[in-house]
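Here is what each chain is made of, one letter per residue.
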Amino acid sequence: MPTLNETQSMMVATAEAVAQRFGPEYWREHDESEAYPEAFIAALGEHGFFGVTVPEALGGSGQGLSELVLVMEALCRCGGGGGPALGYLFGLLGTMTLAHAAKSERQLGDLRALAAGEKLCAFALSEPDAGTNSFNISTAAIEREDDFVINGAKWFITNLQHSQRLLLVSQTRRLGSDESCGLSLFLVDLPNAALTFTPTPKHGFNYYKSNQLFIDNLVVPKSALVGELGKGFASLAPTLNAERLLVAAGAVGTARLALQAAVGYAKERKVFKAPIGSHQAIQHPLAAAHANLEAAWLMIAEAAALDDAGTSPERAAGMANMAKYVAVEAAIEACYQSLQTYGGAGYAREYHQERWWREVQLFRLAPLTQQMTLNFIGQHVLGMPKSY
């Protein structure tokens, strides 16, 4: 990362201090008991981390994506690896979108509360039959004279159990018409009797419940519409671009934590009277992993700076996708080699490596699969024909 300015240095130091209060043992215990990390999330709110990119006039810090990725990396590197990444990410998605698109006093009031950590906003986009193709979602909002009626289903919607608001993405149609007017965003109060959800058991990240969500005749007023009718994807685009970089930063932070632990173990663990780290079979994979992580981090920094500059949106989007791809691959390899350093002990939960290895796998699948990231790079960066 290029030299940090005073504000960035202060934010990183604060994030590191917060993360160190919630170390690997905290996250191991919460993962095994499937307990929500309430104290950690509260600490993020108390220090204003949910409002990093929210304008100062609305209670935020008025910073950019560069500062946001710095905070994300520090929280993961100094705390519990992937655990902080998902908690922070899902607390940001709705907030960042509202910061771009909210206009009504009520929505701006909610934005202030979200920036202060007083409320959390879940985000509902994914559907079983839509996947990466967001335009294919079937959840539909029928526009009436004074309100909208929404029906449909979502899946892998995280943190509904602990959120007070839901940013819901839906197709919009006019009463009596089957034709879509495009995607629209709605800000919905939680809990709501028209919304029911069931947790989905997962391979990792058991601190946060990911749910299948059912929407049965949800009636919302016109004031619940965020941004313009039928132009919801334009309101989402800046958030989705930032989401890729936040995942990349979380992956690098997680891998740096795993690598640091592995290096310490390799220095202390002796076999045949020598530390195992003195053997090239152990040393070289860790050294290569470190080099690749540092290269990925430079890409993340460049992509975030481009996004903040706002002068070349297409180049910024290309860099964000490339950074996400490179960072995730580097992080997975680093976590794998870190686990291997421990030998059979790496399979034991007490050493945390198996958890970090499990958690970093998700970044290859979400928010965008590595294959779709390559599709974007091939088409929009290299100018090749669309491949899907």
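Remember, predicted model here, so these are calculated numbers, not experimental data.

What counts, and where the lines are drawn
- Counting restarts for each chain: residues are numbered from 1 in the order of the written sequence.
- Predicted model: local features are reported for residues with pLDDT of at least 70 only, side-chain atom pairs are reported and counted for 80 or more only, and whole-chain, interface and lining totals are derived from all residues.
- Hydrogens and waters are ignored; side-chain quantities use all the structure's heavy atoms.
- Starting at the N terminus, helices and strands are each numbered in turn, a helix being any DSSP run of H or I of at least four residues and a strand any DSSP run of E of at least two.
- Expected helix span is taken as 1.5 Å per residue step, with the number of steps being one fewer than the number of residues.
- Residue burial is assigned from relative accessible area. The probe radius is 1.4 Å, only protein chains are included, and a residue is buried under 20% of its type maximum, exposed over 50%, and partly exposed in between.
- Contacts are assigned to residue pairs that have any heavy atoms within 4.5 Å of one another.
- Without a salt bridge and with relative accessible area above 30%, a residue can belong to a patch; like charges are then joined within 9 Å and nonpolar side chains (Val, Leu, Ile, Met, Phe, Trp, Tyr) within 5 Å.
- Computed with a 1.4 Å probe, the accessible areas rest on the Shrake-Rupley method; for each residue, only the protein chains presented here act as cover.
- Counted as salt bridges are all cases of a side-chain nitrogen of Lys or Arg within 4 Å of a carboxyl oxygen of Asp or Glu.
- Only strands joined by at least two bridges in the DSSP assignment are considered to pair.
- Only rings of Phe, Tyr and Trp enter the pairing, Trp through its six-membered ring, and a pair is recorded when the two centres are within 6.5 Å. The plane angle decides the type: under 30 degrees is stacked, over 60 is edge-to-face, the rest tilted.
- In this description, a nonpolar core means a group of buried Ala, Val, Leu, Ile, Met, Phe, Trp, Tyr and Cys residues linked to one another through side-chain atoms lying within 4.5 Å.
- Identification of polar contacts relies on pairs of N or O atoms within 3.5 Å, with a donor-acceptor requirement for protein atoms, meaning one able to donate a hydrogen and the other able to accept it, and with residues adjacent in sequence counted only if both atoms are side-chain atoms.
- An axis is simply a line fitted to the C-alpha atoms; with a helix, the fit covers only the stretch in contact. Between two such axes, the angle follows the N-to-C directions and lies from 0 to 180 degrees.
- Any angle that falls under 35 degrees is termed roughly parallel, while one over 145 is termed roughly antiparallel, one within 65 to 115 roughly perpendicular, and all others oblique.
- Left-handed describes a crossing in which the near helix is turned anticlockwise from the far one by less than a right angle; the clockwise case is right-handed.
- Residue classes follow a fixed rule: Ala, Val, Leu, Ile, Met, Phe, Trp, Tyr, Cys and Pro count as nonpolar, while Asp, Glu, Lys and Arg count as charged, and any other residue, Gly among them, counts as polar.

Participant: Would you mind going over helix α8 (residues 280-309) in detail, with residue names and values included?
Facilitator: Spanning 30 residues, α8 covers 43 Å between terminal C-alpha atoms, matching the ideal 44 Å at 1.5 Å per step. Within α8 the residues assigned to the buried category are Leu 286, Ala 289, Leu 293, Ala 296, Trp 297, Ile 300, Ala 301, Ala 303, Ala 304 and Leu 306. For α8, the elements touching its buried residues are α4 (65-78), α7 (232-268) and α9 (313-341). A positive phi of about 70° marks Gly 310, the residue just after α8.

Participant: Lay out a nonpolar patch on the surface in plain terms, naming residues and giving numbers.
Facilitator: The grouping of Val 381, Leu 382 and Met 384 at the surface amounts to a nonpolar patch, some 290 Å² of accessible area in total. Take Met 384: it is sitting in the segment after α11 (370-381). Relative accessible area serves as the criterion here: at 48%, Met 384 is assigned to the partly exposed category.

Participant: Residue-level account of the pattern of salt bridges, with values.
Facilitator: Where charged atoms of side chains with opposite charge meet at close range, the side chains can pair. Considering all chains together, one arrives at 21 salt bridges under this definition. Between Glu 34 and Lys 209 there is a salt bridge whose closest N-O contact spans 2.9 Å. One end of the pair, Glu 34, is in the loop between α2 (24-33) and α3 (38-46); the other, Lys 209, is in the loop between β6 (195-199) and β7 (210-221), with 175 residues separating them in the sequence. Owing to a relative accessible area of 42%, Glu 34 belongs among the partly exposed residues under this scheme. Of the charged contacts, one joins Arg 358 and Glu 354 as a salt bridge, the two residues approaching to 2.9 Å between their closest N and O atoms. Here the residue Arg 358 and the residue Glu 354 both occupy positions in helix α10 (residues 353-362), the gap between them amounting to four residues, near one helical turn. With relative accessibility at 12%, the residue Glu 354 sits in the buried group. Via salt bridges that share partners, Glu 16, Glu 73, Arg 77, Arg 256 and Glu 294 belong to a single interconnected network.

Participant: So what's going on with the pairing of strand β4 (residues 165-174)? Residues and values would help.
Facilitator: Consecutive side chains of a regular strand alternate in pointing toward one face of the sheet and then the other. The element β4 is extensively covered by neighbouring structure, given that eight of its 10 residues are classed as buried. Pairing of strand β1 (residues 121-124) with β4, which is carried by four bridges, proceeds in the parallel orientation. Bridge assignment links Ala 122 to a residue of β4, and that residue is Leu 166. Both β4 and strand β5 (residues 183-189) contribute to a ladder of seven bridges, which runs antiparallel. Following the sheet pairing, Leu 168 is matched in β5 by Phe 186.

Participant: An account of the packing of aromatic side chains is requested, with residue identities and associated values reported.
Facilitator: Given two aromatic rings, their pairing is described by the distance between the two centres and the angle made by the two planes. Going through the model one piece at a time under the given rule, you end up with 15 aromatic pairs. Where Phe 205 meets Phe 363, the ring centres are 6.2 Å apart and the plane angle is 55°; that geometry is what we call tilted. Of this pair, Phe 205 sits in the loop between β6 and β7 while Phe 363 sits in the loop between α10 and α11, placing them 158 residues apart in sequence. Residue classification places Phe 205 among the buried positions, given a relative accessible area of 3%. Ring plane angle 15° and centroid distance 4.1 Å describe the contact between Tyr 265 and Tyr 342, whose orientation is recorded as stacked. In this pair, Tyr 265 sits in helix α7 while Tyr 342 sits in the loop between α9 and α10, placing the two residues 77 residues apart along the sequence.

Participant: Would you mind going over helix α6 (residues 105-115) in detail, with residue names and values included?
Facilitator: Within α6, burial applies to Gln 107, Leu 108, Asp 110, Leu 111, Ala 113, Leu 114 and Ala 115. The secondary structure elements touched by the buried residues of α6 are α5 (82-101), β1, β4, β5 and β8 (225-226).

Participant: Describe the nonpolar core, listing the residues and the values that go with them.
Facilitator: Within the largest apolar cluster, 99 residues are counted, with the highest numbers of intra-cluster contacts made by Val 69, Leu 75, Tyr 88, Leu 245, Ile 300 and Phe 363. If sequence neighbours within four positions are ignored, Leu 75 has contacts with Ala 15, Val 18, Ala 19, Phe 40, Leu 44, Gly 80, Pro 84 and Tyr 88.

Participant: Outline the side chain of Thr 139, supporting the account with residue identities and numerical values.
Facilitator: Mapped onto the elements, Thr 139 comes out in the loop between β1 and β2 (140-143). In this structure the side chain of Thr 139 is engaged in a polar contact, spanning 3.3 Å, whose partner is the backbone nitrogen of Ala 153. What Thr 139 contacts, discounting residues up to four positions off in sequence, is Glu 127, Ile 150, Asn 151, Gly 152, Ala 153, Lys 154, Val 169, Ser 170, Gln 171 and Ile 215.

Participant: Pulling in residues and values, what's your account of the packing of α4 against α5?
Facilitator: At a closest axis distance of 9 Å, the pairing of α4 and α5 adopts a crossing angle of 155°. By the criterion of interaxial angle, the relationship of α4 to α5 is roughly antiparallel. For the crossing formed where α4 meets α5, the hand is right-handed. When α4 is examined against α5, the residues Leu 68, Val 71, Met 72, Leu 75 and Cys 76 are found in contact with a partner set consisting of Pro 84, Ala 85, Tyr 88, Leu 89, Leu 92 and Met 96. Split into classes, the residues belonging to the contact of α4 with α5 amount to 11 nonpolar, no polar and no charged.

Participant: Describe the environment of Gln 212, naming the residues involved and giving the relevant values.
Facilitator: By the element assignment, Gln 212 lies in strand β7. For the pair Gln 212 and Pro 199, spaced 13 residues apart in sequence, the C-alpha separation works out to 6.3 Å.

Participant: Requested: an account of the pairing of β2, with residues and values cited.
Facilitator: Bridge count between β2 and strand β3 (residues 147-158): four bridges; the pairing is antiparallel. The residue of β3 that forms the bridge with Ile 142 is Val 149. Sheet analysis places β2 next to β4, joined by four bridges and oriented parallel. Each residue of the ladder has a partner; that of Ala 141, found in β4, is Thr 172.

Participant: Give me the environment of Ala 39: which residues, what numbers.
Facilitator: Along the chain, Ala 39 falls in helix α3. Residue classification places Ala 39 among the partly exposed positions, given a relative accessible area of 42%. Residues Ala 39 and Phe 22, 17 residues apart in the sequence, show an inter-C-alpha distance of 8.8 Å. Leaving out residues up to four positions away in the same chain, Ala 39 has contacts with Phe 22 and Tyr 26.

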